[in-house]
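# Descriptive structure summary
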Amino acid sequence: ADVVKACKASLERLGMDCIDLYQIHFPCVWKNELYWDGLADCYEQGLVRAVGVSNYGSDAVRAVNARLQARGIPLTSNQIQYSLLYRFPELNG
C-alpha cells in the first residue's frame, strides 16, 4: 500500500496519469516482498507502464523476477552501478 500511495503522490506532483518506469532504488534488509508487491500493484492499477529495480545483485533479481512473474508482470530493468572505477558487476553477474 505504501508503494502505491507513493506512486500516486508522484503522479500528482508530476501532473501525469502514468509513469513509464517505476523502480525500487536498493533492496531492503527485510520485507522486500512488500515492495515488490507494491510495484506489481502499481502496474496492475495502470499507474506505471513498467517496473524495475536498481542496484540488485543476481540473487535478488531472480527473487523479484519470480515474484513479479507469478503475477504475469515482467521485470523491465535492473539499473546497476558500473563504471571504470567500480567494476564489481563483472564478477557478480
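Before reading further, recall that the structure is shown in the block above.
The paragraphs below set out a description of the structure included in this document. (Residues numbered from 1 in each chain as written. Predicted model: local features only at pLDDT ≥ 70, side-chain atom pairs only at ≥ 80, totals over all residues. Heavy atoms only, no water.)

## Some points on the overall build of the chain
To keep it simple, the criterion reads: A helix here means a DSSP run of H or I that spans at least four residues, while a strand means a run of E at least two residues long, and both kinds are numbered starting from the N terminus. Categorising residues by exposure relies on relative accessible area from a 1.4 Å probe, with only protein chains included: less than 20% of the type maximum marks a residue as buried, more than 50% marks it as exposed, and the intermediate range marks it as partly exposed. Throughout, a residue-residue contact means that at least one pair of heavy atoms, one from each residue, lies within 4.5 Å. The Shrake-Rupley method, run with a 1.4 Å probe sphere, supplies the accessible areas, and residue values consider only the shown protein chains as cover. We count Lys and Arg on the positive side and Asp and Glu on the negative side, and we leave His and both chain ends out. Here the site of a charge means NZ on Lys, CZ on Arg, CG on Asp, or CD on Glu.
A tally of helices and strands in the chain yields four helices and three strands. Listed by position from the N terminus, the elements making up the chain come as α-β-α-β-α-β-α. Based on the C-alpha atoms only, the size of the chain along its principal axes is roughly 40 × 30 × 20 Å. Put simply, the chain has 93 residues, and 32% of those count as buried. Residue pairs in contact within the chain that sit at least 24 positions apart in sequence constitute 69% of those at least 6 positions apart. Of the roughly 6,200 Å² of accessible surface on the chain, 54% is carried by carbon and sulfur atoms. Charged side chains of the chain number 9 positive and 10 negative; the gap between the two group centres comes to 2 Å.

## Overview of the environment of Lys-8
Along the chain, Lys-8 falls in helix 1 (residues 2–14). Given a relative accessible area of 44%, Lys-8 falls into the partly exposed group. Sequence separation of Lys-8 and Leu-84 is 76 residues, and the distance between their C-alpha atoms is 37 Å. For Lys-8, the residues in contact, after removing those within four places along its chain, are Gln-45 and Leu-47.

## Notes on the environment of Phe-26
Relative to the assigned elements, Phe-26 resides in the loop between strand 1 (22–24) and helix 2 (32–44). The exposure class of Phe-26 is partly exposed, given its relative accessible area of 48%. Along the primary structure Phe-26 and Asn-55 are separated by 29 residues, whereas in three dimensions their C-alpha atoms are 5.5 Å apart. Leave out the neighbours within four places in its chain, and Phe-26 touches Ser-54, Asn-55 and Tyr-56.

## Digging into the packing of helix 1 against helix 2
Packed helices, taken two at a time, are described by the angle their axes make and the gap between the axes. Filter applied, for reference: Whenever a helix is involved, its axis is fitted only over the stretch in contact; in every case the axis is a line through C-alpha atoms, and angles between N-to-C directions fall within 0 to 180 degrees. If an angle is under 35 degrees, it is roughly parallel; if it is over 145, roughly antiparallel; if it lies from 65 to 115, roughly perpendicular; otherwise it is oblique. We call a crossing left-handed when the near helix sits turned anticlockwise from the far one by less than a right angle, and right-handed when that turn is clockwise. Gly is put with the polar residues, along with every residue not named as nonpolar or charged; the nonpolar set is Ala, Val, Leu, Ile, Met, Phe, Trp, Tyr, Cys and Pro, and the charged set is Asp, Glu, Lys and Arg.
Viewed as axis vectors pointing N to C, helix 1 and helix 2 meet at an angle of 50°, and their least axial separation amounts to 7 Å. Between helix 1 and helix 2, the interaxial angle falls into the category oblique. When you trace helix 1 past helix 2, the crossing you get is right-handed. Mapping the contact onto sequence places Val-3, Val-4 and Cys-7 in helix 1 and Tyr-35, Gly-38, Leu-39, Asp-41 and Cys-42 in helix 2. Among the residues making up the contact of helix 1 with helix 2, the classes are represented as six nonpolar, one polar and one charged.

## Regarding the side chain of Asp-37
Rules: Polar contact criterion, stated in full: a pair of N or O atoms within 3.5 Å, where within protein one must be able to donate a hydrogen and the other to accept it, and residues adjacent in sequence count only if both atoms are side-chain atoms.
Its location among the elements puts Asp-37 in helix 2. Only 2.7 Å separates the side chain of Asp-37 from the side chain of Arg-67, close enough to count as a polar contact. With near-sequence residues (within four places) excluded, Asp-37 lies in contact with Arg-67 and Arg-71.

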